[in-house]
Amino acid sequence: MNATAQQLSPQTAPQPDQAAFQKLFDQRFDERMAQIEADHIPSMSIISTKGTLDMAYPPFILAATAAALGWDVSVFFTFYGLTLLKKDLDLEISPLGNPAMPMKMPVGPEWLQAIDMKIPNLVMAGVPGFEKMATKMMKKSLDNKGVASIEELRSLCLEADVKLVACQMTVDLFNMDQEEFIPEISGWIGAASFLPTAQKSDVTLFV
Amino acid sequence: MTTATPATTLDARGLNCPLPILRTRKALTAMASGEALLVQSTDPGSVKDIESFCSQTSNELLSASNEDGEFQFVIRKS
């Protein structure tokens, strides 16, 4: 035991120059890591799968904001999310089967606007034009509160070089025509093309 | 040192998240390095957002004030 300890001690105790080297190495390593971090441009990949007015907001708000922060952003629109890339946006919202959605008056005195109207499913499902009315009310609320329209957010995304990519399979599946969509789409791709982008992203979100 | 007197004013009052940030970015893009931008806003969320925006984009937040729910930020472009 003693012999082993004696043999090891000269090696384990760092020599003066070794310690200096170690210190320098640590310092340089920290500097280099800090430099790499400072130079790194964050990136985000979002998968957008829903085409209703409420679910159109998260991907566009996050994408536009990240782009404003200087991030590289890609959004992959698939299934009903593809609707968000149409030239003519006519997005609707359905309170039916959407129990967390507050039903509130966009106009009138404040006490009235504060009321969350509990509307029976039977009424929401049975009254013709109920969704149209709910959509109109939501759009009015968005406008009153100074929230951007989806059209505005989308053009801000394009202006800030957010890559909007579209799912080719969805077009084929629903017999759509590429002509129905905005020409600024960066590419018509599939999962195999988007995943490598997502793999290298710092932030990946599914909406 | 360049002067901190804002060369440009951005009126983002009445706009909600994320528009004040997006408009700020747009306004800064058109400005020269070292110039200051005055941003006016009424969105309480913009206080944290402008701070975060400045630290992420390395633009300097020179001042932030709140007068009766109206916020004013002075940002110097990096």
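Residues numbered from 1 in each chain as written. Chains lettered and ligands numbered in written order. Predicted model: local features only at pLDDT ≥ 70, side-chain atom pairs only at ≥ 80, totals over all residues.

A. Up close: the sheet that holds strand 3 (residues 60-67) of chain B. All names here are of chain B. The four strands lie next to each other as 1-2-4-3, forming an open sheet whose pairing is mixed. The outermost strands of the open sheet, each flanked by one partner alone, are strand 1 (6-12) and strand 3. Taken pair by pair, the neighbouring strands of this sheet meet at an average axis angle of 15°, ignoring direction. Sheet analysis places strand 2 (residues 36-41) next to strand 4 (residues 70-76), joined by six bridges and oriented antiparallel. In the sheet register, V39 faces strand 4, and the bridge partner there is F73. (Pairing = 2+ DSSP bridges. Helix = DSSP H or I, 4+ residues; strand = E, 2+ residues; numbered from the N terminus. Axes fitted to C-alpha atoms, helices over the stretch in contact; angles between N-to-C directions.)

B. Looking closely at the packing of helix 3 (residues 53-68) of chain A against helix 1 (residues 19-29) of chain B. Between helix 3 of chain A and helix 1 of chain B, whose axes approach to 9 Å, the crossing angle comes to 35°. Like other packed secondary-structure pairs, helix 3 of chain A and helix 1 of chain B cross with a definite hand, here left-handed. Between helix 3 of chain A and helix 1 of chain B, the contacting residues are A64, T65 and A68 of chain A on the first element and I21, L22 and R25 of chain B on the second. Taken together, the residues of the contact of helix 3 of chain A with helix 1 of chain B break down into four nonpolar, one polar and one charged. (Left-handed = near helix turned anticlockwise from the far one by under 90°. Contact = placed C-beta atoms within 7 Å. Nonpolar A, V, L, I, M, F, W, Y, C, P; charged D, E, K, R; others polar.)

C. Summary view of the environment of F71 of chain B. All names here are of chain B. Locating F71 in the fold gives a position in strand 4. Spatially, the C-alpha atom of F71 lies 8.7 Å from that of R13, the residues being 58 residues apart in sequence. The contact partners of F71, leaving out residues within four places of it in the chain, are S41, S46, V47 and N66.

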